Structure formats: C-alpha cells, structure tokens
Amino acid sequence: MSLSSYQSVDREQLAKDISELHRQALADIGPEDYRHMKRMERWGQLSSLAGYATAWLAPNPVSALLISQGSFTRWTQVAHPIQHRGYDKVDAAPKHYKSRHFAQGWRRFLDWPDWMTPAGWHHEHDVLHHYRLGETADPNNAEHNMQWLRQSKLPMWLRYAIVAVFSGIWKVSYYTPRTHKELRLLAARQHDRPAPPMTRLGAWSWFTPQGRALWSESILPYVAYRFVLLPALFLPLGGFAATSVLLNSLLAEIFTNMHTFLVMIPNHAGDDVMGFDDKAKGKGEFYLRQILGSVNYPTGSNFNDFFYGWLNYQIEHHLWPDLPLSQYQKLQPKVKAVCDKHGIPYCQDSVFKRLLKAVDIMVGKTSMLKPAAA
C-alpha cells in the first residue's frame, strides 16, 4: 500500500463498516457456535487419544504427530478463543468454557495443560499483542525481537539454521519466559513500583524472582505432567512401553512447536506487512492497522481450518478477538469485500509462502513496511 493510499483511507467510514459487521456477528452468536467449538475440541481429543493409544508400542512419528495435534488444538481452538471471551456471550456454554473460569486454579492442567500460565498468556497475548500490533511494544514483533540476529555478522545460512532450531523449541524458550516477564512488569506498574531488572539469564535462574516463577509455575509443572506422569501411566505395560511414550511425547513437543511456529509467526511478518512506530489514534486507524498488520491463509472449511487452528483468519480475529471461531468463517468474505470497497490490501497467501517471508524478516534479509517509508 502506498503512502498516499494509506493516508487517503476514510477511517471514519471504515470504522462504521467494520462495526456494523461486528454488530451483525454479535446478533448471530448462539448455541451452534459453542457446539462448533466442542466439535473442534473433540477432534483434538481424539487426536491425543489415538496418539497415546499407540505411543506405547514403539517410538514413531505417527503417534507423536497425533499427540502434537491434540496439544495444538487445545491451545489454538480451545484456550485461545475462550481466553478472548469468545464464548462468554453463549448461554449454552458451561462456566468453565468462559474466560473467568477457564483453566483457573485446580482446573489449569485439566483445561489447558501447557508451558504458559493462563494469566501470563492472557496479558502478553490478549492485551499487549492485540492492542499494540506491529509496534515496538508488541511482544510478538518478530523484526524487533530478532534484532540480535538481524544485525549479527553471522553468515545468512547460519541465521536460517538458527531460526530452524528455534522453531522446534520456541514455546519454552521464548513464549513462556516472555509471558512471565510481562506479568512481572504489569505487577510493578499496578503497585507503582519501578520495573524490576530483567535479563535473559535471570529469566532462567532460580535465584531471581522471575526465574523462580518460571520454574515453579511453568517448567516443572509441565515437565511433571507431560514427561513424567503421562509416561508413568504406561508402566503397567512395561518399561519399554513407558519409555516409548516418553520419547513420543518429546518428539510431539518438537512437532507442536514447529506447527505453532508455522501458523503463528507468519501472521504478522513479511516485507508486505506493515509495522508502526506509534500507537493508533481512533477506531478507524486501529481497524486499518489490524488489516494491514495481519495475514490470512487459505480458509473456508472446518477440516482445513482445524489444522490451521483458526489462525488462518488472523485479519478477522484481530478485528474482533471476542468472537467464537465459527463466526470467522462467515465474516471472512464480508471483511474482504469491505477492504475492496476502501482500497485496502487484503493479504491471503499460502502458509509456506508466508513462512519464507517471515523468516526473511527474522534473519534480516528483508524488513517490514512502514507507513512513512511506503
């Protein structure tokens, strides 16, 4: 999008058009939206069940992929929309499928067994990322976060290799400590205290408050659940069976990391995606940035969308994060039509094309668009 066309968008009318679609979607929400999410949840549960039902036989990629898909589904299609209050307006949804009760207290590992704490994920993702999209303050700004690699003297092939390795461990190496960091910074602001010292090494040290929280609230509980408790359940079948489950669980963890990296990182990165230096002013500008700073993948069917975790509707999701998953299927063509009306590029590509564009940003081969330099 050129600078002149970016500046000429009628933001007031865009806000009206987007708000009207939101109004229609809210009026359309009903029990079927909850039933749809439950269907996706069951698909994920069946994946996990099939994975663990075969994982004890021998270490193998099929069982690991099934376990991985179950974990991926739990995060992207259950925890993600629920924490965004997507089903708070659905009377048919039980209270533990609503944001105030989901994964709280003793239900954490029942509702959402993962590395991140629900509170940390909510603040880092639902608040900071969604309301600072593309800005330096966006915790998921790939260009900003990877400056150390972009500005390094390493050969380009080694930079790509580093990103490849990172894709297999990014949930525990990046997302988990980042959510703890943002929670501590929030607590300091809420109590009118100066920001505590934060270092990469300190984040993992048991001798810092940040590190102790990471280990006690995230690392140790998840390791105990995924890599100790679940394999131990297969001990009655023998040591080989339990070891096979452990090895398949470790492989599944790598697969889940790679799967989420594939569909999450490219959503907001590429040399044709806009980044911003300042905060959006006004609803119309905010909506415009959600469109220009987000990318969709192929959309249209439950089977297709299940494997993308509904992250293939990233433009619609960033416009209205509080909607049930099924509403995005209905809204996608309408949003595209609004973009056509206003002359706004609506980016929708193959996930693999977007991955290459995102990785090029991370290694410093290309850079994000900026309105002032478009």
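A brief look at the structure comes next. Just so we're clear, the structure is a prediction, and the values are computed from it rather than from any experiment.

This part takes up the overall build of the protein chain. When helices and strands are counted, the protein chain shows 17 helices and zero strands. Relative to a compact globule of 374 residues, whose C-alpha radius of gyration would be 21 Å, the protein chain shows 21 Å and is just as compact. With the C-alpha coordinates aligned to their principal axes, the bounding extent of the protein chain is approximately 70 × 55 × 45 Å. Counting every position in the protein chain, which comprises 374 residues, the buried fraction comes to 54%.

All right, on to the environment of S5 then. The residue S5 is located in helix α1 (residues 3–8) in this model. Using a relative accessible area of 23% as the deciding quantity, one classes S5 as partly exposed.

Right, let's talk about the environment of L154 for a bit. Mapping L154 onto the fold places it in the loop between α8 (147–150) and α9 (156–167). Between the C-alpha atoms of L154 and P139, which are 15 residues apart in sequence, the distance is 25 Å. When residues no more than four places from it in sequence are discounted, the contact partners of L154 are L149, R159 and I162.

A separate point is the layout of surface pockets. Its volume calculated, the largest pocket comes out at about 920 Å³. Around the largest pocket, the lining comprises 35 residues; the ones closest to its centre are N145, F166, Y174, Y175 and R178. Breaking the lining of the largest pocket down by element, the ones donating at least two residues are α4 (61–83), α6 (118–131), α7 (142–145), α8, α9 and α10 (170–190). Here the lining of the largest pocket takes seven residues from α10, the largest share from any one element. Of the residues belonging to the lining of the largest pocket, the class tally is 18 nonpolar, 14 polar and three charged. Lining the second largest pocket are 19 residues, with Q45, S48, R74, P113 and Y225 sitting closest to its centre. Looking at the lining of the second largest pocket, the elements with two or more residues in it are α3 (31–55), α4, α5 (108–111) and α11 (209–232). Within the lining of the second largest pocket, the residues separate by chemical class into nine nonpolar, six polar and four charged.

The subject of this paragraph is the packing of aromatic side chains. For the structure shown, the criterion picks out 20 aromatic pairs. On the numbers, 6.0 Å between centres and 85 degrees between planes, the contact of Y222 with F227 is edge-to-face. Among the residues examined, Y222 registers a relative accessible area of 2% and is labelled buried. Through pairs of rings, three or more aromatic residues link up here, namely W75, W112, W121, F166, W170, Y174, Y175 and F261.

The next point concerns unusual backbone geometry. The phi dihedral of A103 falls on the positive side, at around 60 degrees, and the residue is not glycine. Its relative accessible area of 4% is what places A103 among the buried residues.

The next point concerns the side chain of S294. The residue S294 is located in the loop between α13 (283–292) and α14 (302–308) in this model. For S294, the side chain forms a polar contact with the main-chain oxygen of Q290, separated by 2.7 Å. For S294, the residues in contact, after removing those within four places along its chain, are L133, N267, H268, V273, Q314, I315, H318 and C347.

What follows covers the packing of α3 against α4. Relative to each other, α3 and α4 sit at 155 degrees, their axes nearing to 7 Å. The pairing of α3 with α4 is recorded here as roughly antiparallel in orientation. Crossing hand, α3 versus α4: left-handed. Of α4, the residues touching α3 (which contributes M37, M40, E41, G44, Q45, S47, S48, A50, G51, Y52, T54 and A55) are S63, L66, I67, Q69, G70, S71, T73, R74, Q77, V78 and I82. Residue composition of the contact of α3 with α4, by class: nine nonpolar, twelve polar and two charged.

Okay, the environment of G134 next. If you trace the backbone, G134 turns up in the loop between α6 and α7. By relative accessible area, which is 13% here, G134 ends up buried. Through-space distance from the C-alpha of G134 to that of G275 is 4.4 Å; in sequence the pair is 141 residues apart. Each residue touching G134, except ones within four places of it in the same chain, is listed here: N141, G275 and F276.

Time to look at a nonpolar patch on the surface. On the surface, a nonpolar cluster with roughly 290 Å² of combined accessible area is contributed by W56, L57 and L237. Locating W56 in the fold gives a position in the loop between α3 and α4.

Turning our eyes to something else, we now look at the pattern of salt bridges. The tally for this structure, following the rule as stated, stands at 22 salt bridges. Here D271 and K357 are joined by a salt bridge, their closest N and O atoms 2.8 Å apart. Here D271, found in the loop between α12 (239–264) and α13, pairs with K357, found in helix α17 (residues 351–363); they are 86 residues apart in sequence, far enough to count as distant. In this structure D271 comes out as partly exposed when scored by relative accessible area, which is 32%. The closest approach of N and O atoms between R354 and D272, which form a salt bridge, is 2.7 Å. With R354 in helix α17 and D272 in the loop between α12 and α13, this pair connects stretches of sequence that are 82 residues apart. Residues joined in a network through salt bridges with shared partners are R11, R132, E135, D278, E285 and R289.

Here is what the cut-offs are and how they apply
- Residues numbered from 1 in each chain as written.
- Predicted model: local features only at pLDDT ≥ 70, side-chain atom pairs only at ≥ 80, totals over all residues.
- Heavy atoms only, no water.
- Helix = DSSP H or I, 4+ residues; strand = E, 2+ residues; numbered from the N terminus.
- Rg over C-alpha atoms; globule rule 2.2 N^0.38 Å.
- Buried < 20%, exposed > 50% of the residue type's maximum accessible area, 1.4 Å probe, protein only.
- Contact = heavy atoms within 4.5 Å.
- 1 Å grid on protein atoms, 1.4 Å probe; cavity = no way out; pocket = protein on both sides within 12 Å on 5 of 7 lines; lining within 4 Å.
- Points joined across faces, edges and corners; volume = space filled by probe spheres on them.
- Nonpolar A, V, L, I, M, F, W, Y, C, P; charged D, E, K, R; others polar.
- Phe/Tyr/Trp six-rings, centres within 6.5 Å; stacked < 30°, edge-to-face > 60°.
- Polar contact = N/O pair within 3.5 Å; in protein donor to acceptor, adjacent residues only side chain to side chain.
- Axes fitted to C-alpha atoms, helices over the stretch in contact; angles between N-to-C directions.
- Parallel < 35°, antiparallel > 145°, perpendicular 65-115°, else oblique.
- Left-handed = near helix turned anticlockwise from the far one by under 90°.
- Patch = residues over 30% accessible without salt bridge, like charges linked within 9 Å, V, L, I, M, F, W, Y side chains within 5 Å.
- Areas by Shrake-Rupley, 256 points an atom, 1.4 Å probe, with all protein chains shown as cover.
- Salt bridge = Lys/Arg side-chain N within 4 Å of Asp/Glu carboxyl O.

Purely geometric numbers; function is a separate question.
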